[in-house]
Amino acid sequence: MSGLYPALRRLLFRLDAERAHGLALHAAVLAEWLLERGAGGMVREVTAGAGPVHAFGRTFPNPIGLAAGFDKNGIAPHLWSRLGFGFAELGTVTARPQPGNPRPRMFRLEADRAVVNRLGFNNLGAEAVAARLARRLVERPAIPIGLNIGCSKVAVGDPAAELEDYRFSARLLAPLADYLAINVSSPNTPGLRDLHEPRRLARLVALVRAEVNALALARPLSILVKLSPDLADQDVAAICAAALEGGAGGFIASNTTLSRSGCVSASAAEAGGLSGAPLRARATALVARVRAACGPDVPLIGVGGIADGAGVREKLAAGATLVALYTGLVYSGPLLARRLARDLRR
């Protein structure tokens, strides 16, 4: 696959970026179907990294995860371990199904090894995703599965509706998750990032925490908050303190950015959140700032611009407990996580 991917990428890059992503999802569904029926032995193998990581009350076979956004609807939860990932975060899922923003809404920046998207939380909704995962996760995957929840577009701006939206998704999805991520940082739902305001964030996290506690799950479930890379440096400590006060158990740093600093591709002019190589430095800086604000014991997932072993080690050195990637798969192929885990082991 590693040798074939450059040729396959040339074909995929002739297609609209979202259509190519759709083909990748169809391939994932087919691969999962074949694995279920014994193709390749349905071995629950995971590529080892430097050693397992213990965080959020779970054991991660290696620290390299699939970031939210690739598998929004939980179509292939058992596949990701076979590709070398040590965990996978599915979603973002909203309480209500929604189609997202009008197309085209996803663009490659090839010269920058980046992607701009303004998808807008397109997903099947919490009820449909929960029903699918209840069937798919009867046998748990070999790796932890995180579920990422966001706010439905129609609820944003109404404080009571926002809280109810997250609460509804948490009640349905928390029993299926190894950790729950609260997304308040996508730039593609107008008004969503206002939930970073410390008092609103503390209230939101406390409500989700109370909802999860009321479920009386067999094992404690950590709640993570996914932060924006566009936060002002001086605001990070107060935001982290508010989330922890509300009951958060960790953070994800970071989401996509509105910045286009250093980009040279024409598609950089498209509206939306940018991911990939140009985000790497800012995301790493946010990891370091969150670590400084929270101390050594709060788990932290570093996301943004990871495409090689140096990028993994950079995030870990800045204070990340785990790392996750998505855009790197577009440019380096589906076995990137396997290669990175082996590099980390060496």
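Above this text is the structure in question.
Residues numbered from 1 in each chain as written. Predicted model: local features only at pLDDT ≥ 70, side-chain atom pairs only at ≥ 80, totals over all residues. Heavy atoms only, no water.

1. Focus: the overall build of the chain
- When its secondary structure is counted, the chain shows 11 helices and 13 strands.
- On C-alpha atoms alone, the chain measures out to a radius of gyration of 18 Å, which is about the 20 Å that the 2.2 N^0.38 rule sets for 346 residues.
- A total of 346 residues make up the chain; the buried ones form 58% of that total.
- In the chain, the proportion of contacts linking residues at least 24 apart, taken out of those at least 6 apart, comes to 74%.
- Split by element, the accessible area of the chain, about 13,800 Å² in all, is 57% carbon and sulfur. (Helix = DSSP H or I, 4+ residues; strand = E, 2+ residues; numbered from the N terminus. Rg over C-alpha atoms; globule rule 2.2 N^0.38 Å. Buried < 20%, exposed > 50% of the residue type's maximum accessible area, 1.4 Å probe, protein only. Contact = heavy atoms within 4.5 Å. Areas by Shrake-Rupley, 256 points an atom, 1.4 Å probe, with all protein chains shown as cover.)

2. Focus: the sheet that holds strand β5 (residues 106-109)
- Taken together, the three strands give an open sheet; going across it, the order is β5-β6-β11, and neighbouring strands pair in antiparallel fashion. A single partner strand is all that each edge strand has here, and the edge strands are β5 and β11 (273-276). Strand-to-strand twist of the sheet, defined as the mean angle between neighbouring strand axes without regard to direction, takes the value 20°. (Pairing = 2+ DSSP bridges. Axes fitted to C-alpha atoms, helices over the stretch in contact; angles between N-to-C directions.)

3. Here we look at the sheet that holds strand β4 (residues 87-93)
- Sheet architecture is closed into a barrel: eight strands sit in the order β3-β4-β7-β8-β9-β10-β12-β13, paired in parallel fashion. Across the sheet, the mean angle from the axis of one strand to that of its neighbour is 25°, orientation sign disregarded.
- Across the sheet, helix α5 (residues 159-173) is in contact with β4, β7 (145-149) and β8 (179-183); its angle to β7 comes to roughly 160°.
- Set on the sheet, helix α6 (residues 198-214) makes contact with β8 and β9 (222-227); between it and β9 the angle comes to about 150°.

4. Some details on the packing of helix α8 (residues 280-294) against helix α9 (residues 309-318)
- Between α8 and α9, whose axes approach to 8 Å, the crossing angle comes to 25°. Classified by the interaxial angle, the pair formed by α8 and α9 is roughly parallel. For the pair α8 and α9, contact is made by R280, A283, T284, V287, A288 and R291 and by A310, G311, E314, K315 and A318, respectively. (Parallel < 35°, antiparallel > 145°, perpendicular 65-115°, else oblique.)

5. Details of α8
- Helix length check: α8 (15 residues) gives 21 Å between terminal C-alpha atoms against 21 Å at 1.5 Å per residue, within 8%.
- Where α8 is concerned, the buried positions are A283, T284, L286, V287, V290, R291 and C294. Seen from one end, α8 has its buried residues packed into an arc of 155°, which puts them on one side. In α8, the exposed positions that point more than 90 degrees away from the buried face belong to A281 and A292.
- Of the residues trailing α8, G295 is marked for its positive phi of about 85°. (Expected span 1.5 Å × (residues − 1). Arc of directions from axis to C-beta.)

6. A look at the pattern of salt bridges
- Taken as a whole, this structure holds 20 salt bridges when the rule is applied.
- In this structure, the salt-bridge partner of R105 is E18, at a minimum N-O distance of 2.8 Å. Taken together, the residues R105 in the loop between β4 and β5 and E18 in helix α2 (residues 17-36) connect sequence positions 87 residues apart. Accessibility classification places R105 together with E18 in one group, the buried group.
- One salt bridge connects D233 with R282, and the closest N-O pair in it is separated by 2.9 Å. Of the two residues, D233 sits in the loop between β9 and α7 (236-246) while R282 sits in helix α8, which places them 49 residues apart along the sequence.
- Counted as one network, the salt bridges with shared partners bring together E32, E36, R37 and R136. (Salt bridge = Lys/Arg side-chain N within 4 Å of Asp/Glu carboxyl O.)

7. Digging into the packing of α6 against α7
- As a packed pair, α6 and α7 sit with axes 7 Å apart at the nearest point and diverge in direction by 25°. The pairing of α6 with α7 is recorded here as roughly parallel in orientation. For the element pair α6 and α7, the recorded crossing hand is right-handed. Residues P198, L201, A202, V205, A206 and R209 of α6 touch α7, and the partners they reach there are A238, I239, A242, A243 and G246.
- Across the contact of α6 with α7, the residue classes break down as nine nonpolar, one polar and one charged. (Left-handed = near helix turned anticlockwise from the far one by under 90°. Nonpolar A, V, L, I, M, F, W, Y, C, P; charged D, E, K, R; others polar.)

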